[in-house]
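# Descriptive analysis of the structure
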Amino acid sequence: AQSVTQPDIHITVSEGASLELRCNYSYGATPYLFWYVQSPGQGLQLLLKYFSGDTLVQGIKGFEAEFKRSQSSFNLRKPSVHWSDAAEYFCAVGPGGFQKLVFGTGTRLLVSP
Amino acid sequence: EAGVAQSPRYKIIEKRQSVAFWCNPISGHATLYWYQQILGQGPKLLIQFQNNGVVDDSQLPKDRFSAERLKGVDSTLKIQPAKLEDSAVYLCASSEKGTSRVETQYFGPGTRLLVL
């Protein structure tokens, strides 16, 4: 069965520092991978997605992610974190068939001054 | 463009009571999804509609949960009777066609349910 692992429940980063959120997936074929962000009291917003081609994907709000097939990973990065980036981040895999997404358990990002 | 609308935003009920949630997707979106997000977990798909037909309801607890999308636009998710473990945020999402694996799903703000 398809699954997504986000090993970090919480991460604290200083404002202006770089960020990397980890995501590992389990899927037998080429995965379709997504990163969503959820701010308190709000729904999920798509940051970026990967389905083929260049393994480095650019998204909104200055985020990027790199697909590494050999490591079954799709880590999210940002070179300089802003206080407004504090939120919960979800990695998801879309294994197929009418867009059924399987989500990880999320990583809560805290940004310190 | 208006986003996905959901109501109510919060609901508190006692176990064994009934509750209903409403979702209005983005105009013109053919596909509608209901997700359950339990505290500390990622969202889990409950049911997916393509227009007014059900595409996937494999994870919907059909003994107590039901959903409909009669006119292929807005949708209602019902729980009857509710259990303590149903406490969660219920998210509605929509996508334009639902036929592409890389199509973006747009999420509403969710309904937070607390069952006492």
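See the structure shown above.
Report on the accompanying structure. Treat the numbers as computed from the prediction; the structure is a model and nothing was measured. (Residues numbered from 1 in each chain as written. Chains lettered and ligands numbered in written order. Predicted model: local features only at pLDDT ≥ 70, side-chain atom pairs only at ≥ 80, totals over all residues. Heavy atoms only, no water.)

### A look at the nonpolar core
One recurring pattern in soluble globular proteins is that nonpolar side chains are buried together. Within the largest apolar cluster, 26 residues are counted, with the highest numbers of intra-cluster contacts made by L19, W35, L47, L48, F74, L76 and Y89 of chain A. When contributions to this core are tallied by element, the ones reaching two or more residues are β2 (10-14), β3 (19-21), β5 (33-38), β6 (44-50), β8 (64-68), β9 (73-78), β10 (87-96) and β12 (107-112) of chain A. Ranked by the residues each element gives to this core, the list is headed by β10 of chain A, at four residues. One finds L32, W34, L60 and V115 of chain B within the second-largest nonpolar core, a separate group that totals 21 residues. (Core = buried A, V, L, I, M, F, W, Y, C linked by side-chain atoms within 4.5 Å. Buried < 20%, exposed > 50% of the residue type's maximum accessible area, 1.4 Å probe, protein only. Helix = DSSP H or I, 4+ residues; strand = E, 2+ residues; numbered from the N terminus.)

### Some words on the sheet that holds strand β8 (residues 75-79) of chain B
Residues and elements named next belong to chain B. One open sheet accounts for four strands, arranged β1-β3-β8-β7; its pairing is antiparallel. The open sheet has two edge strands with one neighbour each: β1 (5-7) and β7 (65-68). Across this sheet, the average inter-strand angle for adjacent strands is 15°, counted without regard to direction. Here three bridges tie β1 to strand β3 (residues 19-24), and the two strands are oriented antiparallel to one another. (Pairing = 2+ DSSP bridges. Axes fitted to C-alpha atoms, helices over the stretch in contact; angles between N-to-C directions.)

### Let's talk about the side chain of T111 of chain B
All names here are of chain B. Along the polypeptide, T111 turns up in strand β11 (residues 111-115). Here the side chain of T111 touches P8 through a polar contact of 2.5 Å, landing on its backbone oxygen. With residues near it in sequence (within four places) discarded, T111 still touches Q6, S7, P8, R9, F21, A88, V89 and Y90. (Polar contact = N/O pair within 3.5 Å; in protein donor to acceptor, adjacent residues only side chain to side chain. Contact = heavy atoms within 4.5 Å.)

### Overview of the state of the cysteines
Counted according to the given criterion, the structure contains two disulfides over all chains. Across the disulfide from C23 of chain A sits C91 of chain A; the S-S distance is 2.0 Å. Here the S-S torsion is close to -65°, and the disulfide linking C23 of chain A with C91 of chain A is therefore left-handed. With C23 of chain A in the loop between β3 and β4 (24-26) and C91 of chain A in strand β10, this pair connects stretches of sequence that are 68 residues apart. Across the pair, C91 of chain A and C23 of chain A agree in class, each one buried. In this model C23 of chain B forms its disulfide with C92 of chain B; the gap between the sulfur atoms is 1.9 Å. (Disulfide = S-S within 2.5 Å.)

### Description of the packing of aromatic side chains
Applying the stated criterion to the full structure yields 14 aromatic pairs over all chains. Residues Y36 of chain A and F107 of chain B carry aromatic rings whose centres are separated by 5.5 Å and whose planes lie at 80° to one another, so their mutual orientation is edge-to-face. Remark: F107 of chain B occurs in strand β10 (residues 106-107) and Y36 of chain A occurs in strand β5; the pair is interchain, linking two chains. What makes F107 of chain B buried here is its relative accessible area of 10%. With a centroid separation of 6.4 Å and an interplanar angle of 85°, the aromatic rings of F90 of chain A and F103 of chain A are classed as edge-to-face. Residue F90 of chain A is found in strand β10, and its partner F103 of chain A is found in strand β11 (residues 100-103); the two are separated by 13 residues along the sequence. Residue F103 of chain A is classed as buried on the basis of its relative accessible area of 9%. Aromatic ring contacts, followed pair by pair, group F34, Y36, F90 and F103 of chain A together with Y33, Y35 and F107 of chain B into a single cluster. (Phe/Tyr/Trp six-rings, centres within 6.5 Å; stacked < 30°, edge-to-face > 60°.)

### Concerning the pattern of salt bridges
Residues and elements named next belong to chain A. On inspection of all chains with the given rule, the structure shows seven salt bridges over all chains. D8 is the salt-bridge partner of R22, the closest N and O atoms lying 2.9 Å from each other. Highlighted residues: R22 in the loop between β3 and β4 and D8 in the loop between β1 (3-5) and β2, separated in sequence by 14 residues. By relative accessible area, R22 is classed as partly exposed at 39%. Between R108 and E88 there is a salt bridge, with its nearest N and O atoms 2.9 Å apart. Of this pair, R108 sits in strand β12 while E88 sits in strand β10; the two residues are 20 residues apart in sequence, bridging distant segments of the chain. Look at the salt bridges and you will find they share partners, linking E64, E66 and R77 into a network. (Salt bridge = Lys/Arg side-chain N within 4 Å of Asp/Glu carboxyl O.)

### Digging into the interface of chain A and chain B
Facing the 22 residues of chain A at the interface are 26 residues of chain B. Carbon and sulfur atoms supply 53% of the area buried between chain A and chain B, which totals about 2,000 Å² over both sides. Here chain A and chain B share zero salt bridges between them. Counting across the chain A and chain B interface gives three residue pairs in polar contact (both at pLDDT 80 or more). Looking at side-chain class alone, the side of chain A that touches chain B contains 11 nonpolar, nine polar and two charged residues. (Buried area = accessible area lost by both parts, 1.4 Å probe. Nonpolar A, V, L, I, M, F, W, Y, C, P; charged D, E, K, R; others polar.)

Treat this as a map of the structure, not an account of what it does.
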